[in-house]
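Remarks on the overall topology
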Amino acid sequence: MADFTAAQAAVVRIERAEEGRWDLTLVSDSGVRMGHGVHLPDAASDDAEDERVAALGFVRGYGFRFEADAVVTDGPDAFWAPLLPLGSDEHPTD
């Protein structure tokens, strides 16, 4: 677990590093990478929904979540979403 507060963790970035590999990165509000993970999807399920679910599991491990409708496309193979503390589950995702 990274050592940071909910106020510091601003977004999760989901980026295709290569075919069959997505990098998942927690980025602080000051732009510092605070956590990193890799998602290796099954070729049959390598789609936006699979990456969203993988990213949700990744950020939950750090005590965060994000809203599915808040995911923003940032190029052909990159996405990001603002993070919320897990305790703020007014409208939980999944």
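As the structure is a prediction and not an experimental result, all values here were calculated from the model.

What to know about the overall build of the protein
When helices and strands are counted, the protein shows one helix and seven strands. Reading the protein from its N end, one meets helices and strands in the order β-β-β-α-β-β-β-β. The buried share among the 94 residues of the protein stands at 36%. Excluding contacts between residues fewer than 6 apart, the proportion of contacts in the protein whose partners are at least 24 apart in sequence is 44%.

Things to note about the pairing of strand 6 (residues 78-82)
In this sheet, strand 6 lies alongside strand 5 (residues 72-73) in antiparallel orientation, the contact comprising two bridges. Paired with Thr-73 across the two strands is Phe-79, which belongs to strand 6. In this structure, the hairpin formed by strand 5 and strand 6 is closed by a connection of four residues, where Gly-75 is found at a positive phi of approximately 105 degrees.

Focus: the packing of aromatic side chains
Scanning all chains against the criterion turns up two aromatic pairs. Here the aromatic rings of Phe-58 and Tyr-62 are separated by 5.3 Å at their centres, their planes lie at 65 degrees, and the arrangement is edge-to-face. By relative accessible area, which is 13% here, Phe-58 ends up buried.

Points about the pattern of salt bridges
Counted according to the given criterion, the structure contains six salt bridges. One salt bridge connects Asp-23 with Arg-21, and the closest N-O pair in it is separated by 3.0 Å. Overall, Asp-23 belongs to the buried group, its relative accessible area being 17%. Residue classification places Arg-21 among the partly exposed positions, given a relative accessible area of 28%. Taken together, the shared-partner salt bridges connect Arg-13, Glu-15 and Asp-74 into one network.

What counts as what
The numbering scheme is per chain: residues are counted from 1 as the chain's sequence reads. Given that this is a predicted model, residues contribute local features only at a pLDDT of at least 70 and side-chain atom pairs are listed and counted only at 80 or more, while totals for whole chains, interfaces and linings are drawn from all residues. Side-chain numbers come from the whole structure's heavy atoms, not from hydrogens or water. Helix numbering and strand numbering both begin at the N terminus, where a helix is a DSSP run of H or I of at least 4 residues and a strand a DSSP run of E of at least 2. Burial status follows relative accessibility: with a 1.4 Å probe on protein chains alone, a residue under 20% of its type maximum counts as buried, one over 50% as exposed, and anything between as partly exposed. Throughout, a residue-residue contact means that at least one pair of heavy atoms, one from each residue, lies within 4.5 Å. A strand pair is defined by DSSP finding two or more bridges across the two strands. In this scheme Phe, Tyr and Trp rings, the latter by its six-membered ring, pair at centre separations within 6.5 Å, and the angle between planes marks the pair as stacked below 30 degrees, edge-to-face above 60, and tilted otherwise. Criterion for a salt bridge: a side-chain nitrogen of Lys or Arg within 4 Å of a carboxyl oxygen of Asp or Glu.

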